[in-house]
Number of protein chains: 2
Amino acid sequence: MATRDRTIENLITRLCRLPGIGPKTGERLAFHLLRIDADEALQLARAIEEVRASVKSCSQCFQLDAQDPCSVCSDPARDRSMLLVVEDPREVARFEDVGFRGLYHVLNGRLSQLEGVRPEDLTTEALQARVRSGTFAEICLATNADLEGEGTARVLAERLQPLGVKVTRLARGLPAGSSIAQVSRSILADAIEGRRTLP
Amino acid sequence: MATRDRTIENLITRLCRLPGIGPKTGERLAFHLLRIDADEALQLARAIEEVRASVKSCSQCFQLDAQDPCSVCSDPARDRSMLLVVEDPREVARFEDVGFRGLYHVLNGRLSQLEGVRPEDLTTEALQARVRSGTFAEICLATNADLEGEGTARVLAERLQPLGVKVTRLARGLPAGSSIAQVSRSILADAIEGRRTLP
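Given the structure is predicted, the values throughout are model-derived calculations rather than measurements.

On to the sheet that holds strand β3 (residues 82-86) of chain B, then. Residues and elements named next belong to chain B. What the four strands build is an open sheet, ordered β4-β3-β5-β6; its pairing is parallel. Among the strands making up the open sheet, the edge pair consists of β4 (103-106) and β6 (166-169). Direction aside, neighbouring strands of the sheet carry axes that sit 25° apart on average. The sheet contact formed by β3 and strand β5 (residues 138-141) spans four bridges and is parallel. Counted as the bridge partner of L84 is C140 from β5.

Let us look at the interface of chain A and chain B. Opposite the 56 residues of chain A that make contact, chain B presents 56 residues. Roughly 5200 Å² is buried in total at the junction of chain A and chain B, and carbon and sulfur atoms are behind 62% of that figure. It is A:I48, A:R52 and A:R90 in chain A that bury the most area against chain B; as a group they hold 13% of the surface buried on that side. Our count for the chain A to chain B interface comes out at eight salt bridges. Among the salt bridges present, the one from B:E27 reaches A:R94, with a minimum N-O distance of 2.9 Å. Where chain A meets chain B, there are 21 residue pairs in polar contact (both at pLDDT 80 or more). Of all the elements, helix α3 (residues 38-54) of chain A adds the most residues to the side of chain A that touches chain B, at 14 residues. Here the residues of the side of chain A that touches chain B sort into 27 nonpolar, nine polar and 20 charged.

Residue and element names in this part refer to chain A. Relative to strand β6 (residues 166-169), strand β5 (residues 138-141) runs parallel, the two sharing four bridges. Bridging from a neighbouring strand, I139 pairs with V167 of β6. Since β5 and β6 lie parallel, the crossover through helix α6 (residues 147-160) that links them has a hand, and here it is right-handed.

Reading the values: the criteria
- Residues numbered from 1 in each chain as written.
- Chains lettered and ligands numbered in written order.
- Predicted model: local features only at pLDDT ≥ 70, side-chain atom pairs only at ≥ 80, totals over all residues.
- Heavy atoms only, no water.
- Pairing = 2+ DSSP bridges.
- Helix = DSSP H or I, 4+ residues; strand = E, 2+ residues; numbered from the N terminus.
- Axes fitted to C-alpha atoms, helices over the stretch in contact; angles between N-to-C directions.
- Contact = heavy atoms within 4.5 Å.
- Buried area = accessible area lost by both parts, 1.4 Å probe.
- Salt bridge = Lys/Arg side-chain N within 4 Å of Asp/Glu carboxyl O.
- Polar contact = N/O pair within 3.5 Å; in protein donor to acceptor, adjacent residues only side chain to side chain.
- Nonpolar A, V, L, I, M, F, W, Y, C, P; charged D, E, K, R; others polar.
- Right-handed = clockwise from strand over helix to strand, strands pointing away.

What follows is the structure, given as structure tokens:
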């Protein structure tokens, strides 16, 4: 039986290794890349090559950037008393968007017994070294508000508190724009637990 | 405010131009391409470049292949009396899978008043020329079993029948493995309409 062209099969195989891309989507993307202007398709190839050639992990905060130290770590205007610890490098852009002006530390993951992720698999050692030698007055643990994010924050807090810094956690409560009738029980429990005195 | 690295933004933008890839998925894919082995990421870039460098549209059937005429058109073992007309080059692999041994003609689309696709926007002229000069005893219109696929088949049939070939359409009816209680009314209507005498 005549088979499909080898280079098309190869492209589909490569696309299917991306997260969330199954055989059908891989095939659709491959044929899309064949149908569009060659220039447009090659610009995607070049974008991949360029990003891998120029982007590195910052040796201080592990954020991904073209320069090392990254643009945040090397910016003299940032508040060097405040360190925000995030799980994933993507999350840095979220905090930049809302105007956070301190420094970051990217864990590159979260602790997970199920997946066998231990503190030494993350950038925990580097975090402790930064805090020990550092200028930080406060370390805010901005891991996710789920089971593993909470567990990761708890373990990090145990390691950082003895170093004499204030360790904080992002607020939990009602999401902006939500109605009490619709939020889950655990959101409501967080909201009561974390209630604030009005000034 | 510090912005995200330009090359990462560029990669996300390029990924978001692919069909079905929104900003969140584009970001996820970009950071995946940053996290995996550089080699693995670069092989995807190379697969795109290779496919665009080597794959062309067959000048006879418009199937995508590294050679022209394509591997099907140039295979002396194929049945040259039978031509299967499909909408999309991807569909050729489906028919190869089920052992079809004739030749193909890829329309590169379907007629659509809504989207303003006219016969001259497809490979209709080339199809008529092939049938006119050709060795074909039967042209099977394997467009999709939906409104536009049916409309396309009807228009093509009107053009091909005067050329003195048998023009057929794929069978419609119950999908293999279906239960009558669950199929739609139009499937059932097709199944009755197309019923066959048992031998």
